[in-house]
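Read off the chains here:
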Amino acid sequence: MVSQECRRFSLLKDINFSQTTPYFLYQDKILLELRGLDPFYLYDVLYKRTTEESEMQNKTGSVVVDNSEGEDESRRDEMLQTDEVVQEPQAGMVFSTIDEMLDFYRKYGKQKGFSVKRRSLNKDKDGTVKYVTFTCGRSDKLKSRSNNVLKPRPHMKIGCNARMCGRLFIDGKYIVSHFDDEHNHGLSPSKARFFRCNRQISLHFKRQLEINDIAGIRPNKSHNAQVIGAGGHENLPFLEKDTRNLIAKVRRLRLGDGDANAVQSYFLRMQTQNEGFFSMIDWDEHGRLKNVFWADPRSRAACREFGDVITFDTTYLTNKYDMPFAPFIGVNHHGQSILLGCGLISSEDTETFTWLFQTWLACMYGSAPIGIITDQDRAMKNAIEIVFPTSRHRLCLWHIMKKFPEKLGAYNEYDSISLHLVAAVYDS
């Protein structure tokens, strides 16, 4: 048995590693970066591939010429070929869905060298989308809040009017009603892959990066492996920054053994003891715990009386998984802070906040607050507009006052300015 394993390992060292070999087999050719995985298992994978090629040779009865490099290149080109020529959009084009229309305009923008975003979406009473507008990523104008004219805040929005408009057509399809391709800025096709709308990580790459992370491979080396497999940076549809963000998110979702089951068991036990206990767990596509929300009966009862104005904040990161703790806080008739539900979330984006707000709204019997106070977060603002369209959204005073030293501390008259601002905020 020992001699057989030694023979297999000697064969493994003689493998000819090509550019498309996965990183966990490629690096240093001796698998030093591979931690905790059996090299003989990896040999079995390669041996199986060699066996399949031999069987194919026996069936065809022909001699197989070693042109693996050319085959690898053609396979890579076929897998990563996404730069097909896209015709210019025209009024009258019909698409099955809005996503199909957006994907077409995004590919056209990548070909021309500009980013694309969805500008507006109009729905009827039934929730059916009737009109949609996609614009250049540099549309609109940003009002700079910087008081220092020598160091203006950099921004991309310069009021570009390029856009593609669509409306609902027959049979639930959508037709292009207007197209304007006049840009007021230069276009850069060579840099189009850096635009956020064009940076996407497919399921294949996500799985590969996750496997490399489990094996203990650092994010930069894992990303370089994908670059090698793709044949260069220009062929990879995402950046190293996207790789690091993905790995960080996956690590947050990778709970310890039994942790997700422990949370679910605790919620079931609490619901058994008290029917008024409310909980909800959000799972991702792989069945991993993603977001959690819960509220006890006292919080639900207090929300009926004091839920007209609430505050929401996610600045707490005290758990070992670095999952933001998101409490809903109200104020009772004694001026005391009361808890109106809380959650643990995996990320702070619009989709996550929308799920959390919708869950909280269902927990509180569909009674939306009159006002909600948060910090200055764009994702929160978008989610509030979706879930609480009639609620008044205000920014937290504490966060506003915290910005004073940062924005005005360099001025000689800062002390005097600060006194006047405090008086205007608290005494006006």
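About the thresholds
- Residues numbered from 1 in each chain as written.
- Predicted model: local features only at pLDDT ≥ 70, side-chain atom pairs only at ≥ 80, totals over all residues.
- Heavy atoms only, no water.
- Buried < 20%, exposed > 50% of the residue type's maximum accessible area, 1.4 Å probe, protein only.
- Helix = DSSP H or I, 4+ residues; strand = E, 2+ residues; numbered from the N terminus.
- Arc of directions from axis to C-beta.
- Contact = heavy atoms within 4.5 Å.
- Pairing = 2+ DSSP bridges.
- Right-handed = clockwise from strand over helix to strand, strands pointing away.
- Salt bridge = Lys/Arg side-chain N within 4 Å of Asp/Glu carboxyl O.
- pLDDT = per-residue confidence, 0-100.
- Core = buried A, V, L, I, M, F, W, Y, C linked by side-chain atoms within 4.5 Å.
- Phe/Tyr/Trp six-rings, centres within 6.5 Å; stacked < 30°, edge-to-face > 60°.
- Lys NZ or Arg CZ within 6 Å of the ring centre and 35° of its normal.

1. Comments concerning helix α10 (residues 297-306)
Then comes step 1: Along α10, the positions that sit buried rather than exposed are Ser299, Arg300, Ala302 and Cys303. Buried residues of α10, viewed axially, fall in a sector of 165°; they line one side. Among the exposed residues of α10, those pointing more than 90 degrees away from its buried face are Arg298, Arg304 and Glu305.

2. Focus on the environment of Ala295
Then comes step 1: Inspection of the secondary structure assignment puts Ala295 in strand β7 (residues 289-295).
Then comes step 2: Sequence separation between Ala295 and Met364 is 69 residues; the distance between their C-alpha atoms is 9.3 Å.
Then comes step 3: With residues near it in sequence (within four places) discarded, Ala295 still touches Gly276, Phe277, Phe278, Arg300, Gly341, Cys363 and Met364.

3. Section: the pairing of strand β12 (residues 392-395)
Looking along a regular strand, one sees side chains alternate from face to face of the sheet.
Then comes step 1: Summarising the sheet, strand β11 (residues 371-374) and β12 pair through four bridges and their orientation is parallel. Within β12, the position partnered with Ile372 by the bridge is His393.
Then comes step 2: Following the backbone out of β11, through helix α12 (residues 378-387) and into the adjacent parallel β12, one traces a crossover that is right-handed.

4. Focus on the sheet that holds strand β1 (residues 94-95)
Then comes step 1: Taken in spatial order, the five strands line up as β1-β5-β4-β3-β2 in an open sheet, and their pairing is antiparallel. Here the strands that pair on one side only, and so sit at the sheet edges, are β1 and β2 (116-123).
Then comes step 2: As paired elements, β2 and strand β3 (residues 129-136) share seven bridges and run antiparallel to each other. Among the inter-strand pairings, Val116 is bridged to a residue of β3, identified as Cys136.

5. Some remarks on the pattern of salt bridges
Where charged atoms from two side chains of opposite charge come close, those side chains can pair.
Then comes step 1: For the structure shown, the criterion picks out four salt bridges.
Then comes step 2: Arg199 is the salt-bridge partner of Asp242, the closest N and O atoms lying 2.9 Å from each other. With Asp242 in helix α8 (residues 240-253) and Arg199 in the loop between β5 (174-180) and α6 (203-214), this residue pair connects regions lying 43 residues apart in the sequence.
Then comes step 3: For Asp242, a relative accessible area of 14% corresponds to the buried category.
Then comes step 4: Measuring nitrogen to oxygen at the nearest pair gives 3.0 Å for the salt bridge that ties Glu240 to Arg244. Taken together, the positions of Glu240 and Arg244, both in helix α8 and four residues apart, correspond to about one turn of that helix.
Then comes step 5: Glu240 gets classed as partly exposed once you look at its relative accessible area, which sits at 29%.
Then comes step 6: Residue class for Arg244 comes out partly exposed when judged on its relative accessible area of 41%.
Then comes step 7: One salt-bridge network, in which partners are shared between bridges, spans Asp103, Arg106 and Lys107.

6. So, the confidence of the model for the protein
Should the pLDDT be low somewhere, the predicted coordinates at that spot are not to be read in detail.
Then comes step 1: Here the protein averages 75 in pLDDT, while 73% of its residues score no lower than 70.
Then comes step 2: Confidence drops under a pLDDT of 50 for residues 1-54, and excluding neighbours within four residues, the segment shows 51 contacts in the predicted structure.
Then comes step 3: With pLDDT under 50 throughout, residues 56-82 is counted as low confidence; its partners more than four residues away or in other chains account for 14 contacts.

7. Examining the pairing of strand β9 (residues 325-331)
Then comes step 1: Here strand β8 (residues 309-312) runs beside β9; their pairing, made up of two bridges, is antiparallel. Within β9, the residue paired with Phe312 across the bridge is Phe328.
Then comes step 2: Bridge count for β9 against strand β10 (residues 337-344) is six bridges, and the pairing is antiparallel. If you follow Pro327 over to β10, its bridge partner there is Cys342.

8. Some remarks on unusual backbone geometry
Then comes step 1: Located in the positive-phi region is Asp171, a residue other than glycine, with phi close to 60°.
Then comes step 2: Note that Asp171 resides in the loop between β4 (163-168) and β5.
Then comes step 3: Positioned with a positive phi, Tyr365 is a non-glycine residue whose angle comes to about 60°.
Then comes step 4: On the secondary structure map, Tyr365 appears in the loop between α11 (350-363) and β11.
Then comes step 5: Judged by its relative accessible area of 47%, Tyr365 falls in the partly exposed class.

9. Points about the nonpolar core
Then comes step 1: By size, the foremost hydrophobic cluster in this structure holds 27 residues, and its most contacted members are Phe293, Phe328, Phe357 and Trp360.
Then comes step 2: Counting residues per element, the ones that place at least two in this core are β7, α10, β8, β9, β10, α11 and α12.
Then comes step 3: With residues up to four places along the chain from it excluded, the contact list for Trp360 reads Phe293, Cys303, Ile310, Phe328, Leu340, Ser367, Pro369 and Phe388.
Then comes step 4: In terms of nonpolar packing, the next biggest core, distinct from the first, is built from 20 residues, Met93, Val132, Cys160 and Val176 among them.

10. With respect to the packing of aromatic side chains
Then comes step 1: Under the definition given, this model contains 19 aromatic pairs.
Then comes step 2: Relative to Phe114, the ring of Tyr108 lies with its centre 6.2 Å away and its plane at 75°, an arrangement referred to as edge-to-face. Neither residue differs from the other here; Tyr108 and Phe114 are each classed as buried.
Then comes step 3: The interplanar angle of 65° and the centroid separation of 6.1 Å between the aromatic rings of Phe278 and Phe293 together place this pair among those described as edge-to-face. Pair noted here: Phe278 is in strand β6 (residues 278-283) and Phe293 is in strand β7, with a separation of 15 residues, a long-range link. Residue Phe278 shares its accessibility class with Phe293, and that shared class is buried.
Then comes step 4: Feature note: the residues Phe278, Phe293, Phe312, Phe328, Phe353, Phe357, Trp360 and Phe388 constitute an aromatic cluster, connected by ring pairs.
Then comes step 5: When the ring centre of Tyr365 is taken as reference, the NZ or CZ atom of Arg304 above it lies at 4.0 Å.

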